[in-house]
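Topology and contacts: notes
Single-letter residue listing:
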Amino acid sequence: MRNARERIYPIALGIALSLCALCSFPLTAHAQEPQPTTSPANPPNPKSKAKPEDKPKPADKEGSHKSIDLEERLRRLEEANTRLQKERDESNARFHKEYDALLKKLDRLTEQLEDQKPAQSKAEKSAQTKGSAANADAKASLADRKKVEDRLVREVLGEIDTGLEPSEEQQDAVSPRQSRGGAEGVVRRGAGAETALPALPLQPSPGTSASTMSRMDRIGEGAQGTGGRTDPEQQPGRGSRGRDIRTLPTESGADEAPLRHEARVEFGEGLEFKTEDDEFRLQFHDLTQVEYRGFPTQNQGFLHSQFFIPRQRWYFTGDLTKKLGFYTSINRGYGTLDLLDAFLSVRVTNNLRFRAGRMKTPYLYEYYSIAEGDLIAPERSLFAGNLALNRRMGAMVLYDFWDSRIGTVLGVFNGPRRSFQDYSSNKDLVGYFNARPFLKSERFKALNYLNIGGSFDVGYENNSVPEPILFETANDQTPNSAQTLSPTFLALNKNVIEFGERQQWAAHLVWFYKSFFFISEYGGVRQGYGVANGNHSTPVNATGYMVQSSYFLTGEQLTRRVNVVKPRRDFVFFKNGDMSPGAIEVHARWSTLDIGRNIFTSGFADPNQWTNHAGIIDIGANWYLNFYTRVFLDWQHGLFGNPVIMAPGKYSSTSDIFWLRFQIFF
C-alpha cells in the first residue's frame, strides 16, 4: 500500500504542474498569498500600514548585487596573482643563490677530498697495521664523507626537496628523466655536480653528409698512409670536419674538469663513439686474418704447410677536437706484439694537414695508398714487400690542391726501415705525389680515376742491423720474419750493416674503371752497405716492378682500394628461395726484384746459396661475403735466377704457395 502511494504522489504532482502550466496560473502564489476580498463587512482600512516585508523591491537590485560581487572577485584575483608572482620571483632568486652556494660548497668538498687522498692512504696503511678496529673507523670516515658528497649532489640535482622552485629556463632544460634523479643530457662540473644545459642546434654540414655519401662519391685517392679502415672525412679534399660547429658553453675558472658530453654509438665501417657536437670521436676497427699455407712436398725443407695468423690488429682512431686527430694501431702477426702506428694529426683546413709520430712513410703507391686488409693478393709485390720504407718515426705535411686532383706529401723521418728510433742524427727526406688530371672530366669519363705519380726517399744511413736481412717472396716486413712460411731467395751475412747514402725512387700508374682495376709501379734503390767495424760504404743498386689487374665478376665498382668492398648483394644461400654469391673478384700479378751483382762480390751475401734475381706470379680470386668478411684464394709461383737453398743440401729454382685466407675487417 505504501509503495502504491509513493508511485501515485509523483504522478499527481506531475498532473497538477501540467495543468498549472497550461492555464498559466501561479499555483504557488495562490497557495502562499491568497488575494483579500472586499465586502461591505470588511471594508479596507486606509490607515493600516504595510509591513516592511510587503513593500515591493526594486526590479534591478538582484542584478546590481551580482555585478558588484563579480568585480570584487576579479580585483581579489588580480591582487592574489600579483602577490604570487612576487613570492615566486623572491623564491627563484633565493633558489639561484642557494644553488650557487651548493655548487661552491661541493667544489670545496671535492678539493678537500682530493687533498685528503694521500693522507687517507697513509691512514689506511696505519689502520691495517693497528688492527681491524682502526680499519673500521677509517671505513666509517670514508662512508661519512661519501654520504655528504652524495647529499650535496642530490640537492644540486633536485632529489632532495629544498622548498625552492626552479626557474622556467631550468624547467625547460631538465628532461623528465632528470626530474626523477637521472643525469641524462647534463654536463658534469667538478667532481660531482651536474648542471643541465639547454640543447644547442648543430649546424648542418654543407652538401651531402658522409653517412649518406655513396662509395662512388668518396673519391679519396687511397688509404693515405693509414693501416686500414679510414673515415672519408679524414681524407683531404673531402668531408666537413673543418666546418664550424656550435659547442656547449663552458665556464671559466681555475682547475676545472672538462665538460661531459652526451655521445651516440654507431656501427658502420667500424664501431664509432661520437659526441652530439662532433667535437670528440673514437673509432675502433679490427683486422683478423686466419690462413692455411700449403707447400708442395718437393719444395719443403725450411718451409712447412701450416695454419697461421698473419695479422691480428686493433685500430683506435678519431678526433679530440675538430682540428686534432689521433691514430693508433696494434698488431700481432709474423713477429711479436707491435705498436704499428701512433701519430697525431692536425687538420688546418680540409686540404692541409700535419702528422707527427710513428706512421707509414709516403713511398710507393702500393704501400702508402693501399692498406694491408685491402690488398688484392694476400701479400705485397716483391719490391714493396722487401724495400718499402715501412713505418718510421717522423713528421710530414699533406696538401691537396686543384680541387683534389693533385695530392702531395713531404716528410722527415728517422733512417732505419720499420724502426722506432734512429742510430744517427741523419734524417731521411721522403716525398710523394699523385695526380688525377681527369678526375672531373665529362669528356673523358673513363679516365676519371686514372692516377699518375711517384715518390722518393733520400738520406744517409748508419744502421748496425740492415733491414731487411732476409729477402722473401711472401712475408710482411715485420720483426722476426717466420722463415717457415715464405721462401727466402737472399740472406745477408751476419756482419753486414747498412752504411752510406740511400736514394730510392718510384713511379706508378693506377686506373680504376667500373669493375676493372689496374696498377703498375716501378721502383729503384741505391743503398750503401758495409761490414761491422769498417768505414767503407759500397752502394748496391736494386730495381723492381709489378703489374697487377683485377675484375669483379659480380659488377661491383671501385674508385680506390680503401675499405673494400661492399657487395651489390651480400652472400645468401637459399634463404627464402633467394641465392646470392656476394662479390667475386679475380686477379693476376707479376712482380720482380733485381739486385746488383756486387751484393755477392762485395762479400755481403753467399752466391752459392742465394740469388739476386726473383720473380713471382700470383693468380687467385677474392670472395667477399659482405662488407666485413672476405676469403682469399691464391696460388703464388716463384722463379729464381739460380737455385736457392731450401734445406741443408737441397736447392730449388722455383717455389709454390697455395693460400687459403679468411679475413674479417671492420
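Keep in mind the model is a prediction, meaning the values are calculated, not measured. (Residues numbered from 1 in each chain as written. Predicted model: local features only at pLDDT ≥ 70, side-chain atom pairs only at ≥ 80, totals over all residues. Heavy atoms only, no water.)

Helix and strand content of the protein: nine helices and 24 strands. Counting across all 666 residues of the protein, residues that qualify as buried make up 43%. Accessible surface for the protein amounts to roughly 35500 Å². Of this, 58% is attributable to carbon and sulfur atoms. (Helix = DSSP H or I, 4+ residues; strand = E, 2+ residues; numbered from the N terminus. Buried < 20%, exposed > 50% of the residue type's maximum accessible area, 1.4 Å probe, protein only. Areas by Shrake-Rupley, 256 points an atom, 1.4 Å probe, with all protein chains shown as cover.)

Moving on to a nonpolar patch on the surface. Nonpolar side chains collect at one region of the surface, where Leu410, Val412, Leu429, Phe456, Val458, Trp505, Tyr522, Tyr545 and Val547 lie side by side and expose about 750 Å² of accessible area between them. If you list the elements that add at least two residues to the nonpolar patch, you get strand E11 (406-414), strand E13 (449-463) and strand E18 (538-552). Assignment of secondary structure puts Tyr545 in strand E18. (Patch = residues over 30% accessible without salt bridge, like charges linked within 9 Å, V, L, I, M, F, W, Y side chains within 5 Å. Salt bridge = Lys/Arg side-chain N within 4 Å of Asp/Glu carboxyl O.)

Counting 68 residues, the largest nonpolar core has Phe471, Phe489 and Ile599 as its most contacted members. If sequence neighbours within four positions are ignored, Phe489 has contacts with Leu382, Phe471, Glu472, Thr473, Leu593, Trp610, Thr611, Ala614, Phe640 and Val644. (Core = buried A, V, L, I, M, F, W, Y, C linked by side-chain atoms within 4.5 Å. Contact = heavy atoms within 4.5 Å.)

Taken as a whole and assessed by the stated rule, the structure comprises 21 aromatic pairs. With a centroid separation of 5.3 Å and an interplanar angle of 50 degrees, the aromatic rings of Phe284 and Phe316 are classed as tilted. Taken as a pair, Phe284 in strand E5 (residues 281-294) and Phe316 in strand E6 (residues 306-319) lie far apart in primary sequence, 32 residues in all. On the basis of relative accessible area, Phe316 is assigned to the partly exposed category, the value being 33%. Both rings, one in Phe489 and one in Phe640, keep their centres 6.3 Å apart while their planes meet at 20 degrees; by these two values the pair is stacked. Of this pair, Phe489 sits in strand E15 (residues 488-491) while Phe640 is found in strand E23 (residues 629-647), placing the two residues 151 residues apart along the sequence. (Phe/Tyr/Trp six-rings, centres within 6.5 Å; stacked < 30°, edge-to-face > 60°.)

Take the pairing of strand E22 (residues 613-624) next. As judged from the twelve bridges shared by strand E21 (residues 583-595) and E22, these two strands associate in the antiparallel manner. Its bridge partner lying in E22, Ile584 is registered against Trp623. Pairing between E22 and E23: eleven bridges, direction antiparallel. Among the inter-strand pairings, Gly615 is bridged to a residue of E23, identified as Leu639. Hairpin remark: E22 followed by E23, antiparallel, with four residues in the connecting loop. (Pairing = 2+ DSSP bridges.)

Turning to the pattern of salt bridges, a few remarks are in order. Under the defined criterion, the tally for this structure stands at 34 salt bridges. Where Glu279 meets Lys322, a salt bridge forms, and the shortest distance between an N and an O atom there is 4.0 Å. With Glu279 in the loop between strand E4 (271-275) and E5 and Lys322 in the loop between E6 and strand E7 (324-333), this residue pair connects regions lying 43 residues apart in the sequence. Here Glu279 matches Lys322 in class, with each residue buried. Residues joined in a network through salt bridges with shared partners are Arg392, Arg417, Asp428, Asp457, Glu461, Glu498 and Arg502.

What follows covers the environment of Ser381. Along the polypeptide, Ser381 turns up in the loop between helix H7 (365-368) and helix H8 (382-387). Polar contacts involving the side chain of Ser381 include one to the side chain of Glu366, which spans 2.8 Å. (Polar contact = N/O pair within 3.5 Å; in protein donor to acceptor, adjacent residues only side chain to side chain.)

The subject of this paragraph is the side chain of Arg281. One can find Arg281 in strand E5. Residue Arg281 is classed as buried on the basis of its relative accessible area, which comes to 1%. Polar side-chain contacts of Arg281 include one of 2.6 Å to the side chain of Asp319.

With that settled, the discussion passes to the confidence of the model for the protein. Low pLDDT marks stretches whose predicted atomic positions should not be read closely. A residue-level look at the protein finds 67% of positions with pLDDT of 70 or above and a mean pLDDT of 77. In the predicted structure, residues 20-63 sits below a pLDDT of 50 and forms four contacts with residues beyond four places in sequence or in another chain. This model gives residues 235-251 a pLDDT under 50, and the stretch forms 67 contacts once residues within four places in sequence are excluded. (pLDDT = per-residue confidence, 0-100.)

Let us look at the environment of Ile657. When you line up the elements, Ile657 lands in strand E24 (residues 650-665). For Ile657, a relative accessible area of 0% puts it in the buried group. Spatially, the C-alpha atoms of Ile657 and Arg293 are 6.5 Å apart, while their sequence positions differ by 364 residues.

For the peptide bond that leads from Glu467 to Pro468, omega is 5 degrees, which places it in the cis range. Assignment of secondary structure puts Pro468 in the loop between E13 and strand E14 (470-472). Phi is positive for Asp403, close to 55 degrees, though the residue is something other than glycine. Residue placement: Asp403 occurs in the loop between strand E10 (391-401) and E11. Relative accessible area serves as the criterion here: at 46%, Asp403 is assigned to the partly exposed category. A positive phi angle, near 50 degrees, is found at Lys514, a position not held by glycine. Counting through the fold element by element, Lys514 comes out in the loop between strand E16 (496-513) and strand E17 (516-531).

Glancing now at the side chain of Ser369. Considering the arrangement of structural elements, one finds Ser369 in the loop between H7 and H8. For Ser369, a relative accessible area of 1% puts it in the buried group. Here the side chain of Ser369 touches Tyr432 through a polar contact of 3.0 Å, side chain to side chain.

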